[in-house]
Amino acid sequence: MNTPNVTAGPRVALVTGAGAGMGRATSLRLASLGYPVGCLDIDYSAAEAVTREIIEAGGTALTVTADIASKFDIEWALDQVRGKLGPVAILINNAAVEHFGRIDEIDDASWDRVIGVNLKGTFALTQAVVPGMIGQGWGRIVNLAAIGAQTGAPDMSLYTATKGAVIAMTRSLAVELGRHGITVNAVSPGFIDTPMARRAIDGDLFPVPYEQIVAGYPIPRLGRPEEVASACAFFASEDAGYVTGQLLGVNGGAAV
Ligand SMILES: NC(=O)c1ccc[n+]([C@@H]2O[C@H](COP(=O)([O-])OP(=O)(O)OC[C@H]3O[C@@H](n4cnc5c(N)ncnc54)[C@H](O)[C@@H]3O)[C@@H](O)[C@H]2O)c1
């Protein structure tokens, strides 16, 4: 039984890491399309600024401050969203932390935090949201992967390991949940101009200057967060109901 609950109000979206970069752009995009958006971020003031921007533009949004690595925070955040906006129909698993370090430099604390946010956090939030989607007979889950998980990236084995796991999780959940009207897809960004990318550029963390990296791409520039938001919005849409388990690169052709 995959009948969408078309009589209900607008589908509610929850975007993690909504306060900056691609999460911000995706929150703004979904709100402009009429979805009420739960703007979840560990950084209250960043998420609140996005919520205000949405409300000032005539949309509906709610700030939820949470660390997705904490199951306690996740439960609290979902209670807020369900109580104030409604059940989550669209989940954009965007929040993640970057990590740079050679294999021999990765310590247990980094391992725990990066796996804890990028993999366990993404998994735990998905786990908490799926029963409600099954009840509604409709759901959209969009996971943010990373080009490095496809191509490899020096000094990023820990980070890309979490993103590779997110890709595998996307595929398995797609085949598990399709019969419930839930699609699960992943967007794999290339080099996108966000605070995360700027931290790496400013910290001189790439082996060559970033201009040299992007000059080698078929589309020789950094990507824009809004270009990733477009891909997320497509996967979140009613129109994408027969698209599941897919990995869409938004990378200027850097990986095909
Ligand atoms: N920027 C890139 O070039 C790039 C490339 C490939 C993949 N990605 C992925 O795209 C996604 C978005 O990246 P971005 O560049 O916009 O990141 P960003 O660092 O610019 O923004 C991430 C947001 O997530 C929030 N956040 C971090 N940890 C959190 C936690 N534990 N709980 C809740 N919120 C948390 C931050 O406060 C921030 O507002 C991430 O999954 C990232 O791994 C980014």
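Residues numbered from 1 in each chain as written. Predicted model: local features only at pLDDT ≥ 70, side-chain atom pairs only at ≥ 80, totals over all residues. Heavy atoms only, no water.

Chemist: Run through the site of the ligand, naming residues and quoting values.
Modeler: In the vicinity of the ligand lie 32 residues, with Asp-41, Asn-94, Tyr-159, Lys-163 and Thr-194 positioned nearest. Contacts to the ligand include Ile-42, whose backbone N or O atom sits 3.2 Å from a nitrogen atom. Note that a nitrogen atom of the ligand is positioned 3.1 Å from one of the backbone N or O atoms of Ile-68. When isolated, the ligand has an accessible area of 840 Å², and the protein chains bury 92% of it. With 4 residues, helix H7 (residues 195-202) is the single largest residue contributor to the shell around the ligand. Along the lines of polarity and charge, the residues of the shell around the ligand split into 20 nonpolar, 6 polar and 6 charged. (Near = heavy atom within 4 Å. Polar contact = N/O pair within 3.5 Å; in protein donor to acceptor, adjacent residues only side chain to side chain. Areas by Shrake-Rupley, 256 points an atom, 1.4 Å probe, with all protein chains shown as cover. Helix = DSSP H or I, 4+ residues; strand = E, 2+ residues; numbered from the N terminus. Nonpolar A, V, L, I, M, F, W, Y, C, P; charged D, E, K, R; others polar.)

Chemist: Give a detailed account of helix H2 (residues 44-56), specifying residues and quantitative values.
Modeler: For an α-helix, the turn length of 3.6 residues means that residues three or four places apart are oriented alike. Taking 1.5 Å of rise per residue, the 13 residues of H2 would be expected to cover 18 Å, and the 18 Å separating its terminal C-alpha atoms lies within 8% of that figure. Within the sequence span of H2, burial applies to Ala-46, Ala-47, Glu-48, Val-50, Thr-51 and Ile-54. Of the surrounding secondary structure, the elements contacted by the buried residues of H2 are helix H1 (21-32), strand S2 (37-41) and strand S3 (61-65). Directly beyond the C-terminal end of H2, a positive phi value near 95° is found at Gly-58. (Expected span 1.5 Å × (residues − 1). Buried < 20%, exposed > 50% of the residue type's maximum accessible area, 1.4 Å probe, protein only. Contact = heavy atoms within 4.5 Å.)

Chemist: Which residues make up the packing of H1 against helix H9 (residues 225-236), and what values go with them?
Modeler: The N-to-C vectors of H1 and H9 enclose an angle of 50°; their axes lie 8 Å apart at closest approach. Regarding the angle of H1 to H9, the classification is oblique. Crossing geometry of H1 relative to H9 is assigned as right-handed. In this structure, H1 contributes Gly-21, Met-22, Ala-25, Thr-26, Arg-29 and Leu-30 to the contact, and H9 contributes Pro-225, Glu-226, Val-228, Ala-229, Ser-230, Cys-232, Ala-233 and Ala-236. A breakdown of the residues in the contact of H1 with H9 according to their chemical character gives 9 nonpolar, 3 polar and 2 charged. (Axes fitted to C-alpha atoms, helices over the stretch in contact; angles between N-to-C directions. Parallel < 35°, antiparallel > 145°, perpendicular 65-115°, else oblique. Left-handed = near helix turned anticlockwise from the far one by under 90°.)

Chemist: Give me the environment of Ala-128: which residues, what numbers.
Modeler: On the secondary structure map, Ala-128 appears in helix H4 (residues 108-136). The class for Ala-128 is buried, based on a relative accessible area of 17%. Ala-128 sits 50 residues away from Leu-78 along the chain, and the two C-alpha atoms are 8.2 Å apart. Each residue touching Ala-128, except ones within four places of it in the same chain, is listed here: Ile-74, Glu-75, Leu-78 and Arg-82.

Chemist: Break down H4 for me, with residues and values.
Modeler: With 29 residues, H4 ought to run about 42 Å at 1.5 Å a step, and its terminal C-alpha atoms sit 40 Å apart, in line with that. At Gly-116, H4 shows its strongest bend, of approximately 45°. Backbone geometry just after H4 places Gly-137 at a positive phi near 70°. (Bend = angle between axes of the 7 residues up to and from the residue.)

Chemist: So what about unusual backbone geometry? Which residues, and what values?
Modeler: Phi is positive for Asp-155, which is not a glycine, with a value near 65°. Inspection of the secondary structure puts Asp-155 in the loop between helix H5 (147-151) and helix H6 (157-177). The phi dihedral of Asp-204 falls on the positive side, at around 60°, and the residue is not glycine. Considering the arrangement of structural elements, one finds Asp-204 in the loop between H7 and helix H8 (210-215).

Chemist: Break down the packing of aromatic side chains for me, citing the residues and quoting the values.
Modeler: A complete count under the given rule lists 4 aromatic pairs for this structure. Centre to centre, the rings of Phe-234 and Phe-235 are 5.8 Å apart; their planes meet at 45°, and the pair counts as tilted. Assessed through its relative accessible area of 3%, Phe-235 is described here as buried. Following the ring pairs from residue to residue traces out a cluster consisting of Phe-100, Phe-191, Phe-206 and Tyr-210. (Phe/Tyr/Trp six-rings, centres within 6.5 Å; stacked < 30°, edge-to-face > 60°.)

Chemist: Residue-level account of the nonpolar core, with values.
Modeler: Residues Leu-14, Leu-78, Leu-125 and Ile-141 are the most contacted members of the largest nonpolar core, which totals 28 residues. Secondary-structure elements contributing two or more residues to this core are strand S1 (12-16), S3, helix H3 (71-84), strand S4 (88-93), H4, H6 and strand S6 (182-189). Sorting elements by how many residues they give to this core places H4 first, with 7 residues. Residue contacts for Leu-125: discarding those within four places in its chain leaves Leu-14, Thr-16, Ile-68, Ile-74, Leu-78, Leu-91 and Asn-93. Counting residues in hydrophobic clusters, the runner-up holds 27 residues, among them Cys-39, Ile-54, Cys-232 and Phe-235. (Core = buried A, V, L, I, M, F, W, Y, C linked by side-chain atoms within 4.5 Å.)

From the geometry alone we can't say anything about function, so treat these as descriptive.
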